Every structure is written in C-alpha cells, then in structure tokens.
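Analysis of the macromolecular model
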Amino acid sequence: MPILERMPINLRYRLSALFVIGVFNLLIFNRYFPLSEGWWETYGYLYNLGLKPYHDFDLAFTPLFTIINGYLLDIFGDSFFYLRLFGVAVYLLAILCLQLFLEQFFSAKASAISVIVASFLLFSEPQFIAKDYHTYQLLIVSLTLLLHSWIAGNAKLTKIQNFGGSLLLGMLVCLMIFLKQNVGVLLYAALMLSFVLQKGEWLLAKLLGLTFGVIIAVLAMLPIISFADWQNLLFSNDAKGNLVTVLGRFFIDPTNRNILKKSMLIAGMYFFFRYLFYFKSDWQKKWMNSIHVLLNKQLTQRALFATSVLLIIGIAITNSLYHLLRELIIPVSIALLIVLSFKIYRRLRDDATTSEINIKYVGIVFPLIALAYSNTNTASFDFNGMQIPIAFTVAWILNRIQRFPQQKYFLLASLFFLAILPRIAIGKLLVPYSWWENTQGSVFSARYQTNYPDLAGIYVDVKYRDVFNMIKLYVDRYSLSQSDVYFYNLPIFYALHKKIPPFREVVQWFDVVSSKQMENELRALRKHPPRVIVALEPSPVAFAVNRILKQNENLPQEDFRNQLDQWVFEGKYRLVRSVALPTHKLNISKLEIMPKATQNVLIQNVSIIGEDLDNAVQTIGALKNKVRVVEVIRNALIYQPTPSFKLKAGDMLTLRGNYQDLMAVSDELGVARDLPRDWNSVNIYLREDVNINGN
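Residues numbered from 1 in each chain as written. Predicted model: local features only at pLDDT ≥ 70, side-chain atom pairs only at ≥ 80, totals over all residues. Heavy atoms only, no water.

Observations regarding the overall build of the protein chain
When you go through the protein chain residue by residue, the secondary structure sums to 27 helices and eleven strands. Counting the 695 residues in the protein chain, one finds 54% classified as buried. In the protein chain, 76% of the contacts between residues at least 6 apart in sequence involve partners at least 24 apart. In the structure as shown, the protein chain presents an accessible area of about 30,500 Å², 63% of it carried by carbon and sulfur atoms. (Helix = DSSP H or I, 4+ residues; strand = E, 2+ residues; numbered from the N terminus. Buried < 20%, exposed > 50% of the residue type's maximum accessible area, 1.4 Å probe, protein only. Contact = heavy atoms within 4.5 Å. Areas by Shrake-Rupley, 256 points an atom, 1.4 Å probe, with all protein chains shown as cover.)

As for the pattern of salt bridges
Inspection of the entire model under this criterion finds 16 salt bridges. Among the ionic pairs, Arg84 bridges to Glu37, the shortest N-O distance being 2.6 Å. Of the two residues, Arg84 sits in helix H5 (residues 80-102) while Glu37 sits in the loop between helix H2 (9-28) and helix H3 (39-48), which places them 47 residues apart along the sequence. Owing to a relative accessible area of 4%, Glu37 belongs among the buried residues under this scheme. Notably, a salt bridge pairs Lys131 with Glu37, separated by 2.7 Å at the nearest N-O pair. Of this pair, Lys131 sits in the loop between helix H6 (108-123) and helix H7 (133-153) while Glu37 sits in the loop between H2 and H3, placing them 94 residues apart in sequence. Classification of Lys131 by relative accessible area gives buried; the value is 9%. What emerges from the salt-bridge pattern is a single network uniting Glu37, Glu41, Arg84 and Lys131. (Salt bridge = Lys/Arg side-chain N within 4 Å of Asp/Glu carboxyl O.)

With respect to the nonpolar core
Counting residues in each nonpolar core, the largest one holds 185 residues, and the members touching the most others are Leu35, Phe392, Ile471, Phe493, Val534 and Val682. When residues no more than four places from it in sequence are discounted, the contact partners of Val682 are Leu35, Val467, Met470, Ile471, Leu490, Val534, Ala535, Leu536, Arg577, Ser578, Val579 and Leu581. Residues Ala597, Val601, Ala616 and Val632 belong to the second largest nonpolar core, which totals 21 residues. (Core = buried A, V, L, I, M, F, W, Y, C linked by side-chain atoms within 4.5 Å.)

Considerations on the packing of helix H8 (residues 159-179) against helix H9 (residues 181-198)
At a closest axis distance of 5 Å, the pairing of H8 and H9 adopts a crossing angle of 155 degrees. In terms of orientation, H8 lies roughly antiparallel with respect to H9. For the pair H8 and H9, the crossing hand works out as right-handed. For the pair H8 and H9, the contacting residues are Ser166, Leu169, Val173, Met176, Ile177 and Leu179 in the first and Gln181, Val183, Gly184, Val185, Tyr188, Leu191 and Phe195 in the second. The class makeup of the residues in the contact of H8 with H9 is ten nonpolar, three polar and no charged. (Axes fitted to C-alpha atoms, helices over the stretch in contact; angles between N-to-C directions. Parallel < 35°, antiparallel > 145°, perpendicular 65-115°, else oblique. Left-handed = near helix turned anticlockwise from the far one by under 90°. Nonpolar A, V, L, I, M, F, W, Y, C, P; charged D, E, K, R; others polar.)

Notes on the pairing of strand S11 (residues 681-687)
Most of S11 is tucked away: six of the seven residues are buried. Two strands pair when backbone bridges link them, and strand S4 (residues 532-537) and S11 are joined in this way by six bridges, in the antiparallel orientation. Its bridge partner being in S11, Leu536 is matched across the sheet by Val682. Of the strand pairs in this sheet, strand S5 (residues 573-580) and S11 are connected by seven bridges, and their pairing is antiparallel. Paired with Val579 across the strands is Val682, a residue of S11. (Pairing = 2+ DSSP bridges.)

Brief notes about the sheet that holds S11
Read across the open sheet, the four strands follow the order S3-S4-S11-S5; overall the sheet is mixed. Only two strands of the sheet have a single partner each, and these edge strands are strand S3 (485-488) and S5. The average undirected angle you get between the axes of adjacent strands in this sheet is 15 degrees.

Here we look at the confidence of the model for the protein chain
This prediction gives the protein chain a mean pLDDT of 84; 85% of its residues lie at or above 70. This model gives residues 588-592 a pLDDT under 50, and the stretch forms four contacts once residues within four places in sequence are excluded. (pLDDT = per-residue confidence, 0-100.)

A closer look at the pairing of S3
The two faces of S3 match: Val485 and Phe487 on one face and Tyr486 and Tyr488 on the other face are all buried. Of the strand pairs in this sheet, S3 and S4 are connected by four bridges, and their pairing is parallel. Among the inter-strand pairings, Tyr486 is bridged to a residue of S4, identified as Ile533.

Digging into unusual backbone geometry
Even without glycine at this site, Asp78 takes up a positive phi of about 70 degrees. Among the secondary structure elements, Asp78 is positioned in the loop between helix H4 (64-76) and H5. Positioned with a positive phi, Asn489 is a non-glycine residue whose angle comes to about 65 degrees. Position of Asn489 among the secondary structure elements: in the loop between S3 and helix H22 (492-496). Since its relative accessible area comes to 6%, Asn489 is described here as buried.

Some details on the side chain of Ser434
Here Ser434 shows up in strand S1 (residues 434-435). The contacts of Ser434, once residues within four sequence positions are left out, are Pro126, Gln127 and Thr439.

Focus: the packing of aromatic side chains
Applying the stated criterion to the full structure yields 44 aromatic pairs. Here Phe65 and Tyr136 contribute two aromatic rings whose centre-to-centre distance is 5.0 Å and whose plane-to-plane angle is 55 degrees, an arrangement assigned as tilted. Taken together, the residues Phe65 in helix H4 and Tyr136 in helix H7 connect sequence positions 71 residues apart. Taken individually, Phe65 and Tyr136 each receive the classification buried, so the pair is uniform in this respect. Looking at Arg465, its charged tip hangs above the ring of Tyr448, at a distance of 4.9 Å from the centre. Between Arg561 and the ring centre of Phe543, over which it is positioned, the NZ or CZ distance is 4.5 Å. (Phe/Tyr/Trp six-rings, centres within 6.5 Å; stacked < 30°, edge-to-face > 60°. Lys NZ or Arg CZ within 6 Å of the ring centre and 35° of its normal.)

Listed below in structure tokens is the structure:
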C-alpha cells in the first residue's frame with residue numbers, strides 16, 4: 001500500500017500494535033456487563049450530585065478516578081456504551097505511550113511485539129475492563145517513565161530544564177498517588193533513588209523539582225482530600241489488611257512466595273552460567289568460544305529451529321505448554337530485574353569500568369521493581385500490575401535476539417511469545433468476564449439488552465438480562481424515595497436508579513471498606529433498617545480467601561450476612577427473590593455427568609415459609625425427582641424429612657442432587673450456605689411493613 005510504504009517504519013510498528021489490540025477490544029467491549037461493575041461510575045455520580053468523598057460517603061482510594069468519572073458522566077450522559085468505548089481509546093493511548101517508552105531502550109519492532117503480548121496477557125485476566133482504573137494507571141506510569149528516561153538520558157538539558165522536567169515528573173507521580181496511592185508513593189521513592197544512582201549533572205535540581213511537583217499537586221487537592229483524610233487512607237485503612245500485612249504480602253502470600261522462588265532460581269541459573277568461569281578469564285573465553293562454535297554448526301541450528309517450531313505449535317494447541325509459558329512470564333520478568341539490579345551494582349561499584357550494562361538502565365530498573373512490588377500490596381502478582389515489567393522483559397529478550405545475524409531467530413522468538421494470542425483470544429470470547437465465580441456467558445450469547453436506559457448498547461446473555469430486569473422490577477415497585485433502597489455490593493444500581501446510599505458506604509466488598517467503616521455501617525443499618533435491601537451474597541470461598549488476605553478470623557461482612565438471617569428469622573424482613581448467578585461450571589457441556597453433591601439451603605423465601613415439605617418440593621416442579629431432602633436442621637436439632645413437615649424461616653435443608661439442580665433449588669427455597677456452593681447470589685429483602693402485593 002502506498003501510504004504504508006511512505007510511512008516511517010517505527011510508526012508502522014506502532015500502528016500495527018494498536019490495530020491488533022484495538023480490534024480485539026472492539027470485539028468484546030460491549031458484550032458483557034457484570035453486576036459488580038460500576039463502582040467508579042457510582043462514585044462519580046455521587047460526586048456530581050455535590051456529595052464530597054471522605055465526608056458524605058466513604059472512599060477507600062485517593063480521589064482522582066472518582067473525579068475523572070464525574071467528568072466522563074457529564075460528557076457522555078451516563079451512557080455506559082460510550083464510557084466503555086472511551087475506555088478502549090484511553091487504553092490505546094496508554095499502549096502508545098508504553099511503546100514510546102520502550103523504544104528509548106529497544107527497537108520499534110521488539111517494542112510493538114512486547115506490548116501486544118503484555119496486552120493479551122492482561123486480557124487473559126478474568127476481570128479485564130478497558131475503562132477500569134488500571135488503564136489510567138498504565139497511561140500515567142508510561143508517561144512518567146517516558147519523561148523520566150528522557151530527562152535521565154539527555155545530558156544537554158540545562159539546570160532550569162532539569163528542574164522543570166522533574167517538576168512535571170513530580171506532578172505525574174502525584175497523579176498516580178491520587179489514582180492508586182501505594183503505586184504512586186513507591187514510584188516516587190524509586191525515581192528519587194534512580195536520580196541519585198545515575199550521578200548526573202544538576203542532581204539537586206532534579207530532586208527538588210520532583211519533590212516540589214508532588215507537593216504542589218498535594219496542596220492543590222486539599223479542598224477534596226485533607227491531611228486527616230490522608231491519615232485515614234494510609235494508616236487507618238485495613239481494607240486489605242494491616243500495614244504489615246500489606247507491605248509484607250509479597251512474601252507472606254504463598255502464591256507470591258512461589259513466584260519469587262522461581263524468579264530466584266531463574267536468576268541463579270543465569271548467574272551460574274554467565275559467571276561460571278569468571279574467576280579464570282581464559283576458562284571463560286574457552287567456554288564462550290565452545291558455545292559459539294556449537295551454535296554455528298548447521299546441525300545445531302537445524303535442531304534449534306525444529307525444536308523452536310515444535311514449541312511454538314505446542315504453545316498454540318496444548319494446554320500444558322500454554323499454561324507453562326503463561327506461568328513463567330512473571331517469574332522471568334522479576335528474574336530479569338534481579339539480574340539488571342546486580343549488573344547496576346557492579347557498574348556502580350566499579351565506577352563505570354564494566355560495560356555489562358548501559359547507564360540508561362540505572363534510571364529505569366528501580367521504578368520497574370517498584371511497580372512489581374506494589375502489585376503485591378493488594379494480593380498476588382498478576383498481569384494488571386506487571387504489565388509494564390512484562391512488556392519490558394519481552395522487549396529485552398527480543399531485542400537481544402534481534403542482534404543475531406540470522407533474522408529467523410528473531411522471527412521464532414516473536415512467534416514463541418505470540419503463540420499464546422489465539423488461546424487467550426478464544427478464551428476471552430467464550431468467557432469475557434469472571435469475578436469470584438461470577439461468570440459471564442460468551443460474547444456470542446450476549447444478544448440481549450436490559451431495561452436500563454443507561455445500558456443501551458450493552459449486550460448480555462439471557463440470564464444476566466433477567467437478573468438486571470428483576471432488580472429493576474422490584475426496586476421500581478417497592479421503592480418510595482431516593483434513599484430507601486440499600487444495595488449491598490451492587491453499587492452500580494444507585495447510579496442506574498438515580499438513588500443515594502442511605503448510609504456512608506457505597507461499596508461493602510471485603511478489600512474496599514475498612515473494618516471500622518463496616519462496623520459503623522452495620523450500626524447505622526440496625527438503627528435505620530431500609531425499606532428494600534438488594535444484596536449480592538458472595539460465595540463461601542470469597543469469605544475464606546479474604547480471611548486469609550486480611551489475616552482475620554471473622555469479617556464484618558459475615559456479621560452483615562448473619563444480621564439479615566436473624567431479621568428474616570424474626571420476621572422483620574422477608575426474602576422475596578433469590579437468584580444464583582452463573583459460574584464457569586455452567587459452561588461445561590455435559591452437566592449430567594458431574595458428580596452429585598450435598599448442599600445446605602437456608603429456608604428464607606417468603607413463598608415457602610409455612611408450607612409442608614412436600615408442597616414446597618412440589619413448588620419446584622420438575623426438580624422434585626432430581627433433588628432429595630436428606631435432613632432438616634432446626635435450632636441445632638436434626639429432623640428426618642416427612643411430607644407434612646412444616647418449614648419455618650431459618651430451617652436448614654440438606655439436599656442431595658447435581659450442581660445445576662442444587663442451584664435452582666436454592667433460588668426457590670432460600671439461600672444456599674456453606675460448601676460446595678461456589679456461586680454468588682442476588683437476594684432481595686423487603687422490610688416487614690412493606691406490602692408485597694403493592695406499596
């Protein structure tokens with residue numbers, strides 16, 4: 001094509017990467033909508049109403065993304081279709097900035113391939129949504145690293161230019177602090193260290209500029225987030241565990257510890273072979289010469305080529321090799337940072353007499369380490385927080401191989417990484433979103449729109465359409481005021497129904513609200529019980545994992561669940577509808593071959609209470625002969641089921657049946673409790689004074 005031929009080669013590579021990433025995003029961006037989405041849009045909606053974060057409602061994060069979403073809602077008029085589309089555009093801009101940063105160190109070709117690989121690894125994360133705050137984090141951090149590498153690598157800058165550039169750098173870092181505080185603070189410390197270690201000219205000007213940039217931005221935000229708010233965010237917020245747990249999670253968490261062990265092993269293997277004969281220079285020369293001779297043999301090259309082709313095919317078509325590469329990429333990225341840190345140490349120790357590493361790496365390795373470490377403050381290493389280190393690693397590997405005279409090795413290395421793309425793409429099309437077993441149907445089954453005007457243009461499968469429409473039906477029917485509905489773990493519905501939370505918490509999820517805030521929320525709930533409660537009850541596994549995450553034996557979210565159970569038992573609230581949300585197991589083609597399970601179901605549904613056991617089972621219809629009642633537990637006493645046994649609120653039925661049937665039964669009888677339940681459920685409760693047949 002004439003236009004492409006006239007285009008600079010670097011620009012061609014950039015546009016090619018953006019095209020691949022952009023097209024895939026457009027295939028999925030409006031083909032799913034989880035109930036758990038919309039936290040930030042709800043915060044932005046409340047902000048636009050004039051409510052102040054930290055004062056009128058609690059916010060466990062710094063306020064930048066809330067403010068951004070407030071402006072976006074003003075621009076796009078509450079349309080999630082356009083919010084999603086704009087999110088794709090921002091993600092592409094962030095990828096472009098990441099490419100420009102990588103091109104400061106590597107070729108445009110290696111940089112383009114690396115951002116494609118890192119992006120698709122991110123897409124493989126089950127919770128990826130392009131408009132999420134991770135995209136803005138990627139944009140701000142990429143701009144920060146791009147500016148930092150330019151300042152550090154430009155020796156011609158004057159003192160004023162160094163100060164001005166560092167001032168702008170500090171403001172970018174502060175934007176990151178206002179978006180995600182732990183990443184911003186660690187990035188600031190790493191940049192300060194990088195400036196010191198580089199020992200360039202005008203060091204004081206750089207350090208002062210960086211610090212003043214942060215200070216100016218903090219002072220400018222004081223009307224929104226005060227020093228007292230900072231104290232609560234940084235020191236009184238145990239939403240993700242106490243400070244020791246958060247800072248030490250990189251080693252406390254078993255998954256993180258396993259990744260670090262692999263990283264140390266990979267780095268150790270490199271050191272062993274790289275410096276095996278270092279103490280005898282003639283031995284090292286013989287060792288390296290032997291390797292070069294071996295690699296130059298035609299038979300060796302053919303064997304390597306054939307092995308590489310087989311590996312590429314294996315990664316593309318087999319689960320084991322695909323998952324092996326996917327699981328090794330993060331340890332390899334951390335291992336590279338360990339190796340580069342060692343090389344930096346040797347260069348600084350030898351006062352630049354060694355040529356093992358270019359001085360430009362001194363300025364960037366420690367910010368990358370800060371990004372990797374900050375990724376563990378929330379939970380385990382993942383492809384969200386590790387996207388930039390992974391892109392850097394893939395580009396570094398490809399750039400080294402690109403130096404080989406035979407370009408076929410670069411092609412093979414590129415295909416080695418790109419071979420994971422088809423499997424990720426297919427997997428994402430089949431399961432576009434999954435969060436704590438809250439699994440969306442494939443993009444091909446997403447053919448339905450909900451009754452919410454703000455979701456026009458967003459398509460979901462029939463199950464999720466029905467859940468959304470059910471919530472809308474009950475809220476519209478029974479709500480009488482702007483603040484008489486309490487959405488528990490479902491904040492998006494405040495925005496969709498133009499409601500205001502009756503209490504301070506917008507989101508009650510485990511790692512979003514502190515223990516103190518949740519305790520205050522429960523006190524307010526008991527003092528002023530809302531007319532309608534629509535609650536997303538997480539699976540037992542979510543409770544178990546977050547107990548470990550926060551190092552607590554009991555969570556305040558369990559107290560909320562127990563309080564609702566108590567109110568239903570006492571007749572103060574009635575469960576009028578419960579829906580078990582789909583899980584990945586419902587994608588299994590032959591559910592009938594799944595082994596049978598035993599499940600406890602708590603009797604709460606108002607239509608079942610007072611019925612004979614036989615009549616209750618008859619209500620379930622076709623499931624009567626598929627699910628067997630094993631026993632009934634009432635007030636800690638076990639009763640054998642009989643047809644005339646009258647059910648009461650709080651009775652626990654132990655049922656036997658297959659997975660799908662047990663899910664359906666729990667919908668009709670009440671709420672499933674304990675394992676093997678691994679699904680979330682949406683439960684709708686009405687206060688005792690609400691007339692079920694009308695208002």
